Structure formats: C-alpha cells, structure tokens
Amino acid sequence: MPLFAYIALDSQQKSVKGKAEHASRTAVIEALTKQNLRPISIKEVKARQGISEFNLQSFLQPNRVKTNNLVIFTRQLSTMIGAGVPLLRSLTSLEKHAEDPALKKILGGVIRDVEAGALLGNALSKYPETFSEIYVNMVRAGESAGILDDILNRLAHQQEKSASIRKKIRSAMTYPMVLIVITILAFFGLMLFVVPQIGKILTDLSGPGVELPGITLFMLAISDIMTSFWYIIIPGIIAAVFLLLRYIKTPRGKRQYDGLVLYIPGVKTLMRKVILARFSRVFSALMEAGVAVLEALDITSRAVGNTLYGESLKKAALEVKNGRSLSSVISKDPLFPAIVAQMLAVGEETGQTDKVLIKVADFYEEEVDVAVEGLSSIIEPVMIAVLGAMVGLIAASVMVPISQLSQNIR
C-alpha cells in the first residue's frame, strides 16, 4: 500500500502535517475530507527497500490472490451481509481471519476506503489484478439495487465454474506437456551424447572408403551440427520461445494467436466451447445483476478471453445501440453457433435472457468436459507415436549399417 505525506488545513485554517497509507491519492483526499481537513499538498513517499526486504515481499508474501481464497471470501461476505451484519464489520472480520497474506493486505486497503465513505465497488476497483471488471461492476449493480448478498453469491458460483473449467483443461494437458518435454530432452540427449559415439563406432567398424547409408549420414550430420553449435542452438531456441511469448502478449500477436487457436484441428472445438460457455455465464450474470445491455456487452467483450470474439461482441453492441436485437446480430456471426442465437431470441421474447443463457452455459460446460477428454485421448497417442518415431529413426540409422556390415563379413 503506498504511503502519502500530506499537508492540510483544519477548520481554524491551521496547517496539519502527517502521513497516511491508502490505495491512491483520491483515497487520501476522501479520508482527509471526512476528517474536516482541506488538503493542500499530497505527495507519495517512496520507501527504500533492501535486498532482503524485497525478497521477503516478493516471495514470502506474493501479491496475487488465489482463486479459491477469492471464492471463499466472496461467499463468506455474501453470507454475512445476508445475515444482516454491517458491511464494514463483515470486511473487518474477514480481514482479521484471512489466511492469504495478499488478500489480507488488500482487504486492509478496502476497509480504509469504505471507512472514508467509498462504496464497496469503487474500493474494489483499485485492485484490478484481484477483482476483475466483471466482479466490480456486479458489486456496483448489487449495491445500487440493494441485493449485494445475492450478487456476491452469484459471483462466487460463477468463479467456481470458471475455475473448474480451467482446472479440467490444465489437468487434461499435463500429461501431453510432460510427454513433449520428455521428447525434446530425449532428442537433444541422443543427438548430443549417444549418436556421436555410435557414429564413431560405425565408422571404425566399416573402415576407410566404405560409404554409410543415407539415413545414418543424415542423423550423423544433424548430430554433428548440434554438437558443434549447441551453445548457439540452445540459447537460440530459448530466445525464440521468449520472443514468441512476448509477441503473443502484444495486441497484434494476441489477435493472431487467438485467431490461430480457433482453426487448429482438434483444438478449435474445445476453445470455441470454452469461450461460448464463458460468454453465456458472464453475460447472464451481468444481465441478472441489472447491468444495462450495452455495458454488459462491453464488459463481456473484454472477459471472453479471445480477441476475435471480443471484437465481434463490440460490433454487436453497436448494432444493438442502433435498435437491433442481440439475437438477430449474433445469428449472422459465424463465430456463434445457431443454438446461441436461438436461445437468445427465446430469452428476449420471454424477458428471461439471464436464465436462458445460464442453461446455454451449463450445456457448453458439459460439452467442454467431453471435448477435454477427447482431446487428451488424441494427444497422448500422437505424442507417444512421435517419441517412438524419433527413437525408431535413430535405431534404424544404427541397425542398417550394422546389417550391411554383417553381410559384407559373410
């Protein structure tokens, strides 16, 4: 939390100096105004950190709040507010018993802002890495409508669903990723240490003037290049991967990557279903919370996790602003299947868009489970086949000259 040094005037126009720890300069002004002080100067004090202090804060007290802890906090706050406990008292109790150091630190700042008169949604908006735009806007809608406990309960349910999908995808991809790493390490190990020794043995056995088979010469050439220039190849591969990841984080790179994953065979089906499930659940939650359609579309476009879908939703928002229904706009978009447009049309006719989209989200989440199982069942044998082909190629490059040599001896 930043530390600010301030100079203010009290009701008798006397100068008051002090320091205050708040999330932002605006929070300091609000806190001073509540104390009947008129701020004149507010400057942030930059604390000096030694190496040991930096390490402790960076490693022992990470700044990112775990999803499970955020879900628990949301559900507990919903329960306490629903039971009639005042907001400030609920936050203080949760901050006191919080086990996550990062969450405890953030709640301290939120409590100070609420004490200064800020709304909960505005206080949470100062921590975007922990409380997403969806979270903040739903809290604001809940405060406006007086149903904060219900909104927080829906938020916790939505977070649990999103975390469940991520966990299933991560679990399904763990084994294939391990196989990929093993394949790469095995390839470099064989080329750098095994193949050169085998090549030397074959050359000695064959004698001068004997030409080795093409497959053996090919493998020996690759091994010779990797052995001679490993100090260039390995750092080059690491640098290429690093630059690729950096490029993907740029707007242009992310757009190209998001477009690529939507057309890769096997992956595209899973990714489309994940995005559609996320769109349905987020949009329905915002609509159920009373957020306006255009604002809900704008927030959802940044929450679906895919640039192409985000651009499509922003274009749809412009069409809706001009008087068209969302279902008619989406029905002409190839990114959205017909079932989504049809269900949206039903929701618009009955006035229950939020409930209809919840059913769509449940449907696609079940489809994600099936797609994840199918993708993992495909990737595993493919990676095993690649690993086997690599080992078989090296074995063939060894066995073919040995077979020729045995025939010559006969």
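The structure displayed is predicted, hence computed values, not measured ones.

**Describing the environment of R75**
Part 1 of the argument: When you line up the elements, R75 lands in helix α3 (residues 67–82).
Part 2 of the argument: Each C-alpha atom, one on R75 and one on D150, is 9.8 Å from the other, the two residues being 75 residues apart in sequence.

**A look at the side chain of S301**
Part 1 of the argument: Secondary-structure assignment places S301 in helix α13 (residues 293–301).
Part 2 of the argument: Among the polar contacts listed, one links the side chain of S301 to the backbone oxygen of D298, at a separation of 2.6 Å.
Part 3 of the argument: Sequence-distant contacts of S301, that is, excluding residues within four places in its chain, are made with G310, L313 and K314.

**A short note on the packing of aromatic side chains**
Part 1 of the argument: What the rule picks out here adds up to seven aromatic pairs.
Part 2 of the argument: Arranged with centres 5.1 Å apart and planes meeting at 55°, the rings of F131 and Y135 form a pair that is tilted. Each member of the pair, F131 together with Y135, is buried.
Part 3 of the argument: Consider the rings of F279 and F283, whose centres lie 5.8 Å apart with planes at 15°: the pair is stacked. A residue pair is termed a helical-turn pair when its members lie 3 or 4 positions apart in one helix, as F279 and F283 do in helix α12 (residues 267–288) at four residues.
Part 4 of the argument: Judged by relative accessible area, F279 falls into the buried class, the value being 1%.
Part 5 of the argument: By the ring-pair criterion, three or more aromatic residues cluster together here, those being F279, F283, Y309 and F336.
Part 6 of the argument: Between the NZ or CZ atom of R272 and the centre of the ring of Y263, over which it lies, the distance is 5.6 Å.

**What to know about the side chain of S78**
Part 1 of the argument: Position of S78 among the secondary structure elements: in helix α3.
Part 2 of the argument: Among the residues examined, S78 registers a relative accessible area of 8% and is labelled buried.
Part 3 of the argument: Looking at S78, its side chain comes within polar contact range of the main-chain oxygen of D149, at 2.6 Å.

**A closer look at the pattern of salt bridges**
Part 1 of the argument: Under the criterion given, the structure shown has nine salt bridges.
Part 2 of the argument: The shortest N-O distance in the salt bridge between E365 and R281 comes to 2.8 Å. Of this pair, E365 sits in helix α17 (residues 353–409) while R281 is found in helix α12, placing the two residues 84 residues apart along the sequence.
Part 3 of the argument: On the basis of relative accessible area, R281 is assigned to the buried category, the value being 5%.

**Considering the sheet that holds strand β3 (residues 38–45)**
Part 1 of the argument: Taken together, the three strands give an open sheet; going across it, the order is β2-β1-β3, and neighbouring strands pair in antiparallel fashion. This sheet does not close on itself; its edge strands, each paired only once, are β2 (15–21) and β3. Mean inter-strand twist for the sheet, computed between neighbouring axes without regard to direction, equals 20°.
Part 2 of the argument: On top of the sheet, helix α1 (residues 25–34) reaches β1 (3–9) and β3; it is set at about 145° to β3, its chief contact.

**Brief notes about the nonpolar core**
Burial of nonpolar side chains together is a common tendency in soluble globular proteins.
Part 1 of the argument: With 64 residues, the main nonpolar core has F73, V110, F131 and F336 as its most contacted residues.
Part 2 of the argument: Tallying contributions element by element places α12 first for this core, with eight residues.

**Structural notes on the packing of helix α11 (residues 251–261) against helix α14 (residues 307–321)**
Part 1 of the argument: In contact at an axis separation of 7 Å, α11 and α14 are set at 100° when each is read in the N-to-C sense. On the basis of their axis angle, the class for α11 and α14 is roughly perpendicular. Of the residues in α14, those touching α11 at K254, R255, D258 and G259 are T307, L308 and E311.
Part 2 of the argument: Here the contact of α11 with α14 is composed, by residue class, of one nonpolar, two polar and four charged.

**What to know about the pairing of β2**
Part 1 of the argument: Across seven bridges, β1 lies against β2 in antiparallel orientation. Paired with A8 across the two strands is V16, which belongs to β2.

**Description of α14**
Part 1 of the argument: Here α14 is 15 residues long and its end C-alpha atoms lie 21 Å apart, about the 21 Å a rise of 1.5 Å per residue gives.
Part 2 of the argument: Within α14, the full set of buried residues consists of L308, Y309, G310, S312, L313, A316, A317 and V320.
Part 3 of the argument: Buried residues in α14 make contact with α11, α12, α13 and α15 (326–330).
Part 4 of the argument: Two or three places before L308, at the opening of α14, N306 has a side-chain oxygen 3.0 Å from that residue's backbone nitrogen.
Part 5 of the argument: Immediately beyond the C-terminal end of α14, within one or two residues, lies G323, with a positive phi of roughly 110°.

Basis of the calculations
As a convention, each chain's residues are numbered from 1 in the sequence order in which they are written. Only residues with pLDDT of at least 70 get local features here, since the model is predicted, and only at 80 or more are side-chain atom pairs given and counted; chain-wide, interface and lining totals rely on the full set of residues. The side-chain figures draw on all heavy atoms in the structure; neither hydrogens nor water molecules are used. Only DSSP runs of H or I reaching four residues or more are called helices, and only runs of E reaching two or more are called strands; each is numbered from the N terminus. Polar contact is defined as a pair of N or O atoms within 3.5 Å, subject to the rule that within protein one atom must be able to donate a hydrogen and the other to accept it, and that residues adjacent in sequence are counted only when both atoms are side-chain atoms. Here, two residues are considered to be in contact whenever any of their heavy atoms come within 4.5 Å of each other. Put simply, two rings from Phe, Tyr or Trp (the six-membered ring, in Trp's case) pair if the centres are within 6.5 Å, and we call them stacked under 30 degrees between planes, edge-to-face over 60, tilted for the rest. Accessibility here uses a 1.4 Å probe with only protein chains present; expressed as a share of the type maximum, an area under 20% marks a residue as buried, one over 50% as exposed, and anything in between as partly exposed. Here, a charge over a ring is recorded when the distance from Lys NZ or Arg CZ to the ring centre is within 6 Å and its angle to the ring normal is within 35 degrees. For this document, the term salt bridge refers to a Lys or Arg side-chain nitrogen within 4 Å of an Asp or Glu carboxyl oxygen. Any two strands are treated as partners once DSSP identifies two or more bridges connecting them. In this analysis an axis means a line fitted to C-alpha atoms, helices contributing only their contacting stretch, and an angle means the value between N-to-C directions, from 0 to 180 degrees. For this analysis, a nonpolar core means a set of buried residues of the types Ala, Val, Leu, Ile, Met, Phe, Trp, Tyr and Cys, connected via side-chain atoms within 4.5 Å. Reported orientations rely on four angle classes, namely roughly parallel under 35 degrees, roughly antiparallel over 145, roughly perpendicular from 65 to 115, and oblique for the rest. Charged residues are taken to be Asp, Glu, Lys and Arg, nonpolar residues to be Ala, Val, Leu, Ile, Met, Phe, Trp, Tyr, Cys and Pro, and polar residues to be all remaining types, Gly included. In a helix, the anticipated span is given by 1.5 Å times the number of residues less one.

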